[in-house]
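# Architecture at a glance
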Amino acid sequence: MPWFSSPSDAGNRLTQVGYLADPATATTAYLAGALEKPLLVEGPAGVGKTELAKAVARATGAELVRLQCYEGLDEARALYEWNYKKQLLRIQASPSDQEWSATHDDIFTEEFLLTRPLLTAIRRDEPTVLLIDEVDKTDIEVEGLLLEVLSDFQVTIPELGTVAATRRPYVVLTSNASRELSEAVKRRCLYLHLDYPDAERERAIVASQVDGLDDRVTEQLVRTVGRLRELELKKAPSIAESVDWARTLIALEIRDLDEKAIADTLGVILKHDSDHQKAVKELRLR
Amino acid sequence: MSARSGLVDRHIAFLEALRSAGLPVSLAEDLDAIAALTALDWADRATIREGYAATLVKRRSQRPTFDALFDIYFPRMVGDGVHGRLEDAEPPDEAAGGVRDNAQALQDFRAELEDALADGDQETLSRLAAEMVARFGAMPGRGPGLSSWSAYTALQRVAPSELVDRIVQGLLAEGRTEEEAQRVAGRRVGAFTRMVEDDARRRIAEEKGPHHVADVAIRPTIDRLDFTSARRADLEEMRRQIYPLARRLATRLTKEHHARRRGPLDFRRTVRASMSTGGVPLATHHRPRRPHRTELVVLCDVSGSVANFAQFTLLLVFALRDQFQKVRAFTFIDHVHEVTHHFRPGADVVDVMTDLAASTAHAALWGRTNYGRAFTKFAEEHPDALGPKSSLLILGDARSNYSDLAEGTLKELADTARNAWWLNPEHRRHWGTGDSAAPTYGAIVPMVECRNLTQLGEFVHDLAR
């Protein structure tokens, strides 16, 4: 079964599960499924990179397998590991007259294999979305490990041989671009840069995520966030922060987003002191 | 079959153009793009563009170059498109080849443009840009081989920048603040100007073939753009790039530092540990590496020609300040002024830039660059700045208006410091031309060419290592 039948189909089905994709995102999401290639999503924090993978999983009824990357992530955490304790037990429990070679063959079997996200995703028979989150946080060596998985969808385990995917997972890699990924990884992926949405789409997103917010307040909120993004801030407010802001306004029962209300709740969307001062100065909040 | 239709030829020519513009498009990506095109519907140009972008462009900074080339090789429309023809057909006097460009037409057009700019309506603006080039940018009757469309002529005639004030008025009425309105209006007019240039380029490409335009009209990506040839909008974009660049460099430096944490062999500990294994050194022991951090003294020329370069370098160096032990910065034109205090941790980039620009006055007595005088003054007034642990970094184009170069003083400064470098924002081939003293100074202090953000990033990375 193909993942999506056309770009517009991808857009519609993502919308149905609550992810409002722009045409570029819908096209690329469709292509990633149609060409069976991994999708590398880059962009500032909080624009919905991880959410895209989750939405694809929801829209296609696939299961999400997630590998969260961090510095020091290694093979044992990403691919597979042998269950040493169980192997040790097996050796101790084996009858004393058993040949070593037989024991050896015994303990390197599926039974003693602990699969980690990458191997799990490859071995599943049902449709799977594999999310490799914040891939720029890993060391360069892990990228090398990813290459085999991303291009051929197979993993080589020396004791067992090569495990090839029975069904290719839909792979999404996300990156904050805190490090330039190697050309080898980029070459194997489709690339999508997610950016802050335009006012229209952001209004739709806020309205769909937050219930009970007045249309007029939504309008004011989106316009203010847009104005803030035009300033040169250290960290511009993201979509996630707009949504948080909308929730804050509901919790505080603010019905009109005037200058005082903005100044009081600015901490929800701006997280740097210098950004704060700048916003207050430029928007004439005080 | 498809080769005969010219589609594959066009595809390959497009890829060639991307490669010559500096995008690393491999054969594998080429095949991916073809696969993507077969999977996509050809009816929608935007979809095709995204399909190409997803398979070929793997870096955000390359997207503008890609878009410009895509517009040239797969133009939005041919000639005046459907719009233009319909409009021309309706009023008969215009279609008869009469007046397309007269005072009345200009006035009407400007009124329409003003409305569209005030609304910020992209669809209408792109139509207007095409119309503007067709009407006001046509140069019929020029010789063969000369382009018959000119964005410059069209922009001169219509002068959209004069509309800024009126757009600002409109935005102020919407309740925006003065500065914000100015900025938004400026940005919209700038974007429209770019549209007009794109449309002129499209028309020229139609007449002369796309590769001709691709060779001359495509600007390099922002991280490869020369500091000295950057426009105002480019400078803003570069300024936005400084912090991400600093963050990437810091991540890289931390990683490399971790990788080299193991120092030289600790012989005593290794031998002592070998006692427990009968004198066989099974495991080696190492001394921890002493963290070495450079003390940096930056001395930069802030005269008009190289001011931007100096500012970017200072910003980058200070954004990476925790990679150095201490940073001190001085600016000069013909006099030396310390600017270290402007770089407070966590300060806003724009504020720092403004402060720096304001303090330029302190660096000049007569306002003509004089390297020799600046070095002498620096040696006299700040003798404590340089020591055996510090590195000296001089930024400037070494153009000293034929004044005394004070090579002796520079030599002394360079000898006092542990290391010394000179960053020159000019292309190497211009060194030594005119009043440039680059060869003279280069003989004393190693001179490095540093023309764009990529080169700057590489240099600062090596410096902090």
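Because the structure is a prediction, the values reported are computed rather than measured. (Residues numbered from 1 in each chain as written. Chains lettered and ligands numbered in written order. Predicted model: local features only at pLDDT ≥ 70, side-chain atom pairs only at ≥ 80, totals over all residues. Heavy atoms only, no water.)

## Notes on the domain arrangement of chain B
One widely used convention gives an interface's size as the accessible area the parts lose upon coming together. All names here are of chain B. Stated formally: Marked domain ranges trace back to an automatic or database domain assignment. A 1.4 Å probe defines the accessible area here, and the buried area is the portion of it lost by two parts on being joined, summed over both. When a carboxyl oxygen of Asp or Glu is within 4 Å of a side-chain nitrogen of Lys or Arg, the pair counts as a salt bridge. By the criterion applied in these results, polar contacts are pairs of N or O atoms within 3.5 Å in which, for protein atoms, one can donate a hydrogen and the other can accept it, and in which residues neighboring in sequence qualify only through two side-chain atoms. Secondary structure counts use DSSP, requiring at least four H or I residues in a row for a helix and at least two E residues in a row for a strand, with both numbered from the N terminus.
Assigned domains within chain B: domain 1 (2-73), domain 2 (84-220) and domain 3 (238-259 + 293-464). Overall, the association of domain 1 and domain 2 removes approximately 660 Å² of surface from exposure, summing both partners, and the carbon and sulfur fraction of that is 74%. Counting across the interface, domain 1 meets domain 2 through zero salt bridges. Remark: the boundary between domain 1 and domain 2 carries zero residue pairs in polar contact (both at pLDDT 80 or more). Elements that contribute at least two residues to the side of domain 1 that touches domain 2 include exactly α2 (7-20) and α5 (63-73).

## Details of the pairing of strand β8 (residues 170-175) of chain A
All names here are of chain A. Test applied: Residue burial is assigned from relative accessible area. The probe radius is 1.4 Å, only protein chains are included, and a residue is buried under 20% of its type maximum, exposed over 50%, and partly exposed in between. A pair of strands is treated as paired once DSSP finds two or more bridges between them.
Counting buried residues in β8 gives six out of six residues, a clear majority hidden from the surface. In β8, alternate side chains face the same way, and those of Tyr170, Val172 and Thr174 on one face and Val171, Leu173 and Ser175 on the other are all buried. With four bridges connecting them, strand β1 (residues 39-42) and β8 associate as parallel partners. Looking at the pairing, Leu39 lines up with Val172 of β8.

## Things to note about the environment of Arg451 of chain B
All names here are of chain B. What counts is decided by this rule: Two residues qualify as a contact provided that any one of their heavy atoms is within 4.5 Å of a heavy atom in the partner residue.
Examined against the element boundaries, Arg451 turns out to sit in the loop between β8 (447-449) and α21 (453-464). Taking the C-alpha atoms as reference points, Arg451 and Arg428, 23 residues apart in sequence, are found 9.5 Å from one another. Excluding its chain neighbours within four sequence positions, the residues that come into contact with Arg451 are Leu225, Asp226, Phe227, Pro425, Glu426 and His427. Here the side chain of Arg451 touches Glu449 through a polar contact of 3.3 Å, side chain to side chain.

## What to know about the sheet that holds strand β6 (residues 390-395) of chain B
Strand pairing in a sheet relies on backbone hydrogen bonds, with the paired strands running either antiparallel or parallel. Residue and element names in this part refer to chain B. The test is simple: Only the stretch in contact is used when fitting a helix axis, every axis being a line fitted to C-alpha atoms; angles between N-to-C directions are given from 0 to 180 degrees.
Taken in spatial order, the six strands of this open sheet run β5-β4-β3-β6-β7-β8, and their pairing is mixed. Edge positions in the open sheet fall to β5 (336-338) and β8, since each of these has one partner strand only. Strand after strand, the sheet turns through a mean of 25 degrees between neighbouring axes, direction not considered. Pairing of β6 with strand β7 (residues 419-424), which is carried by five bridges, proceeds in the parallel orientation. Opposite Ile394, over in β7, you have Trp422 as the bridge partner. Sitting on the sheet, helix α16 (residues 307-319) touches β3 (295-301), β4 (326-332), β6 and β7, and the angle it makes with β3 is about 165 degrees.

## Examining the interface of chain B and chain A
Contacts between the two partners involve 40 residues from chain B and, on the opposite side, 38 residues from chain A. In this assembly, chain B packs against chain A so that about 3400 Å² is buried in total across both faces, 47% of it on carbon and sulfur atoms. When the buried surface of chain B facing chain A is broken down by residue, Lys58, Arg60 and Lys255 of chain B rank first, second and third, together holding 17% of it. Scanning the region where chain B abuts chain A turns up four salt bridges. Linking chain B with chain A are 10 residue pairs in polar contact (both at pLDDT 80 or more). Among the elements that line the side of chain B that touches chain A, the one with the most residues is helix α14 (residues 232-259) of chain B, at eight residues.

## Focus: the environment of Glu81 of chain A
Residues and elements named next belong to chain A. Position of Glu81 among the secondary structure elements: in strand β3 (residues 80-82). Its relative accessible area of 22% is what places Glu81 among the partly exposed residues. Once the C-alpha coordinates of Glu81 and Ala55 are considered, the two residues, 26 residues apart in sequence, prove to be 30 Å apart. Setting aside residues no more than four positions away along its own chain, Glu81 makes contact with Ala76, Phe112, Leu113, Leu114 and Arg116. A distance of 2.6 Å separates a polar atom in the side chain of Glu81 from a polar atom in the side chain of Arg116.

## Quick notes on the nonpolar core
Definition in use: Among buried residues, those of type Ala, Val, Leu, Ile, Met, Phe, Trp, Tyr and Cys that are joined through side-chain atoms within 4.5 Å constitute a nonpolar core.
Within the largest apolar cluster, 83 residues are counted, with the highest numbers of intra-cluster contacts made by Tyr170 of chain A together with Phe14, Tyr52 and Phe192 of chain B. Per-element tally for this core: the top contributor is helix α12 (residues 178-208) of chain B, with 10 residues. Composition of this core by domain shows at least three residues from each of domain 1 (2-73) and domain 2 (84-220) of chain B. Aside from chain neighbours lying at most four places away, what touches Phe14 of chain B is Tyr52, Leu56, Phe66, Leu69, Phe70, Tyr73 and Phe74 of chain B. In terms of nonpolar packing, the next biggest core, distinct from the first, is built from 46 residues, Leu253, Val339, Met353 and Leu463 of chain B among them.

## Some details on α12 of chain B
We apply this condition: Expected helix span is taken as 1.5 Å per residue step, with the number of steps being one fewer than the number of residues.
Across its 31 residues, α12 of chain B extends 45 Å between first and last C-alpha, which sits within 8% of the 45 Å expected from 1.5 Å per residue. At the exit of α12 of chain B stands Gly209 of chain B, carrying a positive phi of roughly 95 degrees.

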